[in-house]
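Each chain is listed here by its residues.
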Amino acid sequence: MSDSPLPHASALHEPVLHWYAGNARSLPWREPDAGAWAVMVSEFMLQQTPVARVLPAYRVWMERWPKPADLAAEPPGEAVRAWDRLGYPRRALRLHAAAKAIVDQHGGVVPDDHAALLALPGVGTYTAAAIASFAYGQRHAVVDTNVRRVFARALTGSAQPSISPTAADQRLAVTALPEDERTAARWAVATMELGALVCTARSPRCAECPIRSRCAWVLAGSPPYDGPPRKGQTYEGTDRQVRGRLLAVLRAAAGPVPKADLDACWPEQAQRERALDGLVADGLVDPLPRQRYQLPG
DNA sequence: GACGCGTGGTA
DNA sequence: TTACCAAGCGT
């Protein structure tokens, strides 16, 4: 995204906030009594995983571990097991580590300070801003892929945002932020929701969009994407697939698993060994004596 | 900045 | 069917 002449983002505030008031989804982590831990758990799970797949795992998780201290008291392997098939299971490990840090350093309360949040394992720029904004009502630019896409279209006039987040994206989001703190917090969640429900990546529902009459991309005739090709992520045959299979076996087992059971899930030995070593190096798997393995204790 | 990291739904 | 996409993070 370029950072020059911007349509005044302030003209978008009222229509987007009004749209959100009537169209926001009811999600458990948005309930008034949800709390910061609920927001934090949802944000970890939603990193690269769609809402529909997060919902059941989220409910089980919060029922079992309603506070950070509840999770911190368990071995990390239990977090990995409860992560189920959400994908990227290192997030489960990081959420567990973050819960321990919250207990050790913040009295068991999710911190409300942006810098303190950023220091937690698995919390990056986006997640720190999201927790501070959604859970504590603070004024932060909350820049995820939805927001980058909405701003790319509405303000910059391009069909898609840059392939990876840029400093310009961040600056644009900061510039567009309403001054008032509470309004800024609603704007953050509203722009994200607009990107998730209307201003979608593939087939945007422009007819339903509250800012279509002010959208730079629509006003330019909705030109197609003309940037460099996006990096297609292959999966079949990758180490990621092998890791996924190995971990699925370990999640399903109540206790230690003989190596033979792991050997059965992938034919090529070299890749299998590499994947298993990687899981051990990542702390997702504990090696035991006598060629056995289990989730980390 | 590019890359590795899971999984499944959708067009 | 293949390819893209989904509330990123850490190295």
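Just so you know, these numbers come straight off a predicted model, no measurement behind them.

Trainee: Looking at this model, I keep getting lost on helix α10 (residues 167-176). Mind explaining?
Mentor: Each α-helix turn comprises 3.6 residues. Residues three or four places apart therefore point the same way. Listed in full, the buried residues belonging to α10 are Ala168, Asp169, Leu172, Ala173 and Ala176. Taken end-on, α10 shows its buried residues confined to a sector of 135°, consistent with a single buried face. In α10, the exposed positions that point more than 90 degrees away from the buried face belong to Ala167 and Thr175. Buried positions along α10 lie against α1 (10-23), α9 (145-156) and α11 (181-197).

Trainee: Honestly, the UniProt feature "domain: HhH-GPD" (unreviewed entry) in chain A in this entry has me stumped. Any pointers?
Mentor: As recorded in UniProt, the feature "domain: HhH-GPD" (unreviewed entry) lies at residues 45-197. Helix makes up 65% of residues 45-197 and strand makes up 0%, while its end C-alpha atoms are separated by 19 Å.

Trainee: Sorry, what's going on with the packing of helix α13 (residues 239-252) against helix α15 (residues 269-281) here?
Mentor: If you want to describe how two helices pack, look at the angle between their axes and the distance between the axes. Taken N-terminus to C-terminus, the directions of α13 and α15 make an angle of 70°; their axes are 9 Å apart at the nearest point. Overall, the two elements α13 and α15 adopt an arrangement that is roughly perpendicular. Note on packing geometry: the crossing formed by α13 with α15 is right-handed. Together, Asp239, Val242, Arg243 and Leu246 of α13 and Gln271, Arg272, Arg274, Ala275, Leu276, Gly278 and Leu279 of α15 make up the contact between the two elements. Among the residues making up the contact of α13 with α15, the classes are represented as five nonpolar, two polar and four charged.

The rules behind each value
- Residues numbered from 1 in each chain as written.
- Chains lettered and ligands numbered in written order.
- Predicted model: local features only at pLDDT ≥ 70, side-chain atom pairs only at ≥ 80, totals over all residues.
- Heavy atoms only, no water.
- Buried < 20%, exposed > 50% of the residue type's maximum accessible area, 1.4 Å probe, protein only.
- Helix = DSSP H or I, 4+ residues; strand = E, 2+ residues; numbered from the N terminus.
- Arc of directions from axis to C-beta.
- Contact = heavy atoms within 4.5 Å.
- UniProt positions renumbered as here; feature names shortened; annotations may be inferred.
- Axes fitted to C-alpha atoms, helices over the stretch in contact; angles between N-to-C directions.
- Parallel < 35°, antiparallel > 145°, perpendicular 65-115°, else oblique.
- Left-handed = near helix turned anticlockwise from the far one by under 90°.
- Nonpolar A, V, L, I, M, F, W, Y, C, P; charged D, E, K, R; others polar.

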